[in-house]
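Fold and contact review
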Amino acid sequence: MLLDYCHRLDDEDWDAWPGFFTEDGRYKILTRENFDADLPLGIMYCDGVGMMKDRMLALQTANIFEPHTHCHLLSRPALSGAGSQIEARTNFMVTRTMQNGAMEIFATGKYLDQIDLSSSTPKFRERIVVIESRRIDILLVAPL
Amino acid sequence: MSESRTSSPVNPAPDFAWPREGLSRVPFRLFSDPEIYAREQEKIFRGPVWNFLCLELDVANPGDFKTGNIGDTPIVVTRDENGELHAFVNRCAHKGALVCMKERGNASALTCIYHAWTYGLDGQLQSVAFRNGIKGKGGMPVDFDTGKHRLEAIRVEACCGMVFGTFSEETPDVEEFLGDAVMPFLKRNMNRPLKLLGTHSQVIHNNWKLYAENVRDSYHATLLHTFYTTFKINRLDMDGGILLSDKKWHHISYAKRATLNESAEYSDAKVHSAQFGSDLEGPELLDAWDEFDDGITHSIQTMFPTIAIQYTLNSLAVRYFSPRGVNETELFWMYLGVEDDTPEQTDIRVRQGNLTGAAGLVSLEDGCISEFVQRGTTGSGHHNAFMEMGGTEAASSKNSRATEASIRGFWHGYREIMGFD
Ligand code: FES
Ligand SMILES: [Fe+2]
C-alpha cells in the first residue's frame with residue numbers, strides 16, 4: 001500500500017488517491033518547522049475523502065501550472081502497533097521534472113501514518129507529510 | 001556617462017526614461033535590469049519606506065530575537081530586558097560576520113562567533129575578547145572604547161501585530177505612512193491579539209515587482225483563479241471596490257460575497273472554467289462566520305513596497321515578499337488566528353488555509369504566473385506592458401474592480417521614490 005500510493009501519484013492516477021484513505025481520513029502536509037512547533041496550519045490539508053476528491057478535481061480542471069512530473073523514492077517503513085490499527089514512519093524523496101527536462105529534488109521528509117487494517121484493503125486514517133524545507137519552489141499542486 | 005553617475009553613490013541608470021504615456025505603460029526592463037535592482041536597494045529598501053521585519057509574536061518575550069532581511073541587507077530584531085524592540089543590521093562591527101546565525105532564539109546578549117565580540121540586545125558593543133591581550137601582550141589600543149561601536153541601528157516601529165523597520169529618518173511613522181484612507185482597514189483586520197497558525201514560504205522565479213503587481217491586480221484574480229469564481233468566493237460581479245491610499249502607494253481591494261449578482265460576462269469571456277458540479281464534495285472547506293459587520297468577505301491590502309494582508313472568508317494572513325536577486329523572490333505566508341478564537345473557529349481558519357499559500361486552491365497559479373511574465377519579457381527590455389483597464393490614472397474605484405488602478409498606483413509610488421520622471 002505504501003508503495004502503491006507513490007506509484008499511483010507518480011503515474012498521475014489522481015482519482016485513485018482519495019481511495020487510499022478511510023472515509024473520514026486526514027491528509028496534511030506540514031513543514032518540519034511547523035510540525036515541531038505544533039502549529040496546525042500546513043501547506044495542504046484534507047479532512048475527509050470529500051476534500052480529497054475536491055483537490056483532485058481542482059488539480060485536473062481548475063488549477064493552472066506548468067506541466068511537470070513527480071517521482072517518489074521511499075525508505076523502508078518502520079511499523080509499530082498491533083491488531084487492526086498500526087503506525088508507520090517512512091522517509092521519502094520526491095523529484096520534480098519540468099517539461100524542459102529540468103529536474104530537481106522537490107521535497108524530502110517523512111510520512112507519519114495511522115493505518116487501518118480492519119477492512120479488506122488497508123487504508124490511511126491519517127497521513128501527515130512532514131517536509132524538511134519550509135520553502136516550496138514555485139508551487140505545490142499534487143499531493144506528496 | 002553622465003556626471004551624476006560619479007557624483008551619486010548609486011548609478012542613476014542614466015538612459016532610463018519612463019514612457020510618455022505615463023503609468024499605463026511599464027518598461028519590461030524594470031524586471032530584469034541589475035542596475036535598476038541595485039538602485040532599488042538604495043532608493044527603496046534603504047529609503048523612506050517601512051519594511052516588514054517580523055510579526056510582533058515572533059519577538060514576544062524579552063531576549064527574543066528573529067533574523068530577516070530588508071532587501072539584500074540581513075537584519076536582526078530583538079526585544080530587550082525592558083520589553084523594548086530594536087532592529088539592526090546583522091553585521092558585526094568588527095569584520096562584518098553575521099552576528100546572529102540562527103533564524104530565531106532567545107538570548108541575554110548577542111555574541112559574534114568569529115572573534116566573540118558581544119553586543120547587548122540594543123545592539124551596543126559590550127565587550128571584546130582578549131581586549132587587553134594575553135599575558136599583557138597584544139590586545140586593543142588603550143584608547144579603544146566599546147561605547148563607540150555598535151551594530152548599525154534600524155528605526156523600528158510595531159503596529160497592528162507587525163514589526164516594521166526603516167533606514168531613513170525621513171519615513172513618517174507607520175500610521176502616517178499608510179494614510180487615513182487605508183489605515184482603519186488594517187486595524188480592522190490586524191489590531192487584535194493574534195496567534196500564529198502556520199507559516200511557510202515559496203520561491204517564485206521573478207522580479208519582486210511582478211508580485212507587487214500581482215497582489216494589486218484585481219483584473220486577473222477572477223480570471224486566472226477559476227476556483228474563486230466557480231465557488232463564488234470572489235468575483236467582480238459582487239459589490240466591491242478598490243481604495244487607494246492618499247499617496248496611491250498602498251491599496252485595498254475588497255468584495256462582499258453576499259451581494260453576488262451574476263453577470264453574463266463571466267460566461268462570455270473566454271475564461272477556462274473549473275468543471276465542478278454546483279457543490280464541493282467537502283463543502284466544509286468554505287465554512288465561514290461573519291467576523292465583522294461590514295459585509296466584506298474578501299480583501300487584500302497592500303503596503304508599499306513588499307507587504308500584503310489577505311483576509312479571505314476568515315483566512316487572515318500576512319504575505320511578505322522579499323527580493324532574492326533580480327529575478328527571484330521569496331514569498332512568506334504567515335497565517336494568523338485571534339487569541340480568543342474557539343476551537344471551531346480555529347478549525348475553520350485552518351481548513352481555509354487550503355485556499356491560499358504555495359498549494360492554495362485559488363492562489364497557487366500566482367506561483368508561476370509572474371515567472372511566465374519574467375520569461376515572456378526576457379530580451380524585450382524596450383517593450384512596455386500595456387495597462388489601460390479602468391483608464392490610465394491611478395485613482396480609487398469605488399464601484400468596480402475591473403481595473404488596473406492599484407497597479408498604476410504602485411508604479412506611481414515607484415517612479416516617485418526611484419526618481420524616474
Ligand atoms: S567578525 Fe565578529 S567578532 Fe570578529
Ligand atoms: Fe493571483
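Residues numbered from 1 in each chain as written. Chains lettered and ligands numbered in written order. Predicted model: local features only at pLDDT ≥ 70, side-chain atom pairs only at ≥ 80, totals over all residues. Heavy atoms only, no water.

What follows covers the overall build of chain A. Check the secondary structure of chain A and you find 3 helices and 8 strands. Along chain A, helices and strands appear, N-terminal first, in the series α-β-α-β-α-β-β-β-β-β-β. Seen through its C-alpha atoms, chain A measures out along the principal axes to roughly 50 × 30 × 25 Å. Taken over 144 residues, chain A has a buried fraction of 51%. Considering only residue pairs separated by 6 or more positions, chain A has 57% of its internal contacts joining residues 24 or more positions apart. A total of about 6500 Å² of accessible surface is found on chain A, and carbon and sulfur atoms cover 50% of it. (Helix = DSSP H or I, 4+ residues; strand = E, 2+ residues; numbered from the N terminus. Buried < 20%, exposed > 50% of the residue type's maximum accessible area, 1.4 Å probe, protein only. Contact = heavy atoms within 4.5 Å. Areas by Shrake-Rupley, 256 points an atom, 1.4 Å probe, with all protein chains shown as cover.)

Attention shifts here to the pairing of strand E6 (residues 103-116) of chain A. Residue and element names in this part refer to chain A. Note: strand E5 (residues 85-98) against E6, 13 bridges, orientation antiparallel. Residue pairing in the sheet places methionine 93 in a bridge with threonine 108 of E6. With antiparallel pairing between neighbouring strands as the criterion, E5 and E6 make up a hairpin whose turn holds 4 residues, including glycine 101 at a positive phi of roughly 95°. The pairing of E6 with strand E7 (residues 123-131) spans 8 bridges and is classified as antiparallel. Counted as the bridge partner of tyrosine 111 is valine 129 from E7. Where E6 folds back on E7, the antiparallel hairpin that results is connected by 6 residues. (Pairing = 2+ DSSP bridges.)

With that out of the way, let us pick up the pattern of salt bridges. Applying the stated rule across the entire model yields 28 salt bridges over all chains. Note that A:Arg134 is salt-bridged to B:Glu103, the shortest N-O span being 3.1 Å. Placement of the pair is A:Arg134 in the loop between E7 and strand E8 (135-137) and B:Glu103 in the loop between strand E5 (85-89) and strand E6 (104-106), with the two residues belonging to separate chains. The exposure class of B:Glu103 is partly exposed, given its relative accessible area of 34%. (Salt bridge = Lys/Arg side-chain N within 4 Å of Asp/Glu carboxyl O.)

Turning to the packing of helix H2 (residues 34-45) of chain B against helix H11 (residues 405-418) of chain B, a few remarks are in order. To characterise two packed helices, one gives the angle between the axes of the helices and the distance between these axes. Residue and element names in this part refer to chain B. In the contact formed by H2 and H11, the axes pass within 10 Å of each other and the chain directions differ by 85°. The orientation of H2 with respect to H11, classified from their angle, is roughly perpendicular. Contacts between H2 and H11 involve Ile36, Arg39, Glu40, Lys43 and Ile44 on the former and, on the latter, Tyr414, Ile417 and Met418. (Axes fitted to C-alpha atoms, helices over the stretch in contact; angles between N-to-C directions. Parallel < 35°, antiparallel > 145°, perpendicular 65-115°, else oblique.)

With respect to the helices and strands, B:Glu284 occurs in the loop between helix H8 (265-268) and strand E15 (298-303). Since its relative accessible area comes to 26%, B:Glu284 is described here as partly exposed. Non-local contacts of B:Glu284, meaning those with residues more than four positions away in its chain, are made with A:Asp47, A:Met51 and B:Arg351.

For the rest of this paragraph, the subject is the packing of aromatic side chains. The description of two aromatic rings rests on the distance between their centres and on the angle between their planes. Applying the stated criterion across every chain yields a total of 27 aromatic pairs over all chains. Ring centres 4.9 Å apart and planes at 90° place the aromatic pair A:Trp17 and A:Tyr27 in the edge-to-face group. Of this pair, A:Trp17 sits in the loop between helix H1 (2-10) and strand E1 (21-31) while A:Tyr27 sits in strand E1, and the two are 10 residues apart along the sequence. Like A:Tyr27, A:Trp17 is buried. Between B:Phe16 and B:Phe420, the aromatic rings sit 4.4 Å apart at their centres with planes inclined by 40°, giving tilted as the arrangement. Within this pair, whereas B:Phe16 is found in the loop between helix H1 (4-7) and strand E1 (25-27), its partner B:Phe420 is found in the segment after H11, the two being separated by 404 residues in sequence. (Phe/Tyr/Trp six-rings, centres within 6.5 Å; stacked < 30°, edge-to-face > 60°.)

What follows concerns the side chain of A:Lys110. Residue and element names in this part refer to chain A. Its location among the elements puts lysine 110 in strand E6. No salt bridge is formed by the buried lysine 110. Its closest oppositely charged neighbour is aspartate 36, at 5.5 Å. The contacts of lysine 110, once residues within four sequence positions are left out, are Arg89, Thr90, Asn91, Phe92, Ile128, Val129 and Val130. (Lys, Arg positive; Asp, Glu negative; His and termini not counted.)

For a metal with four donors in a tetrahedral arrangement, the ideal angle between donors is 109.5 degrees, while six donors in an octahedron ideally sit at 90 or 180 degrees. All names here are of chain B. Listed as protein donors to the iron ion (ligand 2) are His220 (NE2), His225 (NE2), Asp366 (OD) and Asp366 (OD); their distances from the metal cover 2.0 to 2.5 Å. Coordination at the iron ion (ligand 2) comes from 4 donor atoms whose angles at the metal span 57 to 147°, giving a geometry best classed as irregular. Sequence positions of the donors to the iron ion (ligand 2) reduce to the motif H-x4-H-x140-D. As far as burial versus exposure is concerned, histidine 220 and histidine 225 are alike and both buried. (Donors = N, O, S within 2.8 Å, 3.2 Å for Na, K, Ca; no water. Tetrahedral: all angles 85-135°; square planar, octahedral: opposite > 155°, others 65-115°.)

Helix H5 (residues 208-216) of chain B sits mainly inside the fold: 9 of its 9 residues count as buried. Buried within H5(B) we find B:Trp208, B:Lys209, B:Leu210, B:Tyr211, B:Ala212, B:Glu213, B:Asn214, B:Val215 and B:Arg216.

Here the focus is the confidence of the model for chain B. All names here are of chain B. Overall, the predicted model of chain B reaches an average pLDDT of 92, with 94% of residues at or above 70. Counted against residues more than four places away or in other chains, residues 1-8, with its pLDDT under 50, gives 6 contacts. Here the prediction assigns the complex a pTM of 0.95, and the interface score ipTM is 0.97. (pLDDT = per-residue confidence, 0-100.)

Here the focus is unusual backbone geometry. Residues and elements named next belong to chain B. With an omega of 0°, the peptide bond between phenylalanine 304 and proline 305 qualifies as cis. Tracing the chain through its elements places proline 305 in the loop between E15 and strand E16 (307-312). One non-glycine residue with positive phi stands out, namely alanine 116, at about 65°. Mapped onto the secondary structure, alanine 116 falls in the loop between strand E7 (110-111) and strand E8 (118-119).

As a further point, take the sheet that holds E7(B). All names here are of chain B. Here 3 strands make up an open sheet; going across it, the order is E7-E8-E9 and the pairing antiparallel. Edge positions in the open sheet fall to E7 and strand E9 (125-127), since each of these has one partner strand only. Bridge count for E8 against E9 is 2 bridges, and the pairing is antiparallel. Residue pairing in the sheet places tyrosine 119 in a bridge with leucine 125 of E9.

Take helix H10 (residues 366-376) of chain B next. When H10(B) is considered as a whole, its buried residues turn out to be B:Asp366, B:Gly367, B:Cys368, B:Ser370, B:Glu371 and B:Gln374. Packed against the buried residues of H10(B) are strand E12 (194-204), H5 and helix H6 (218-224) of chain B.

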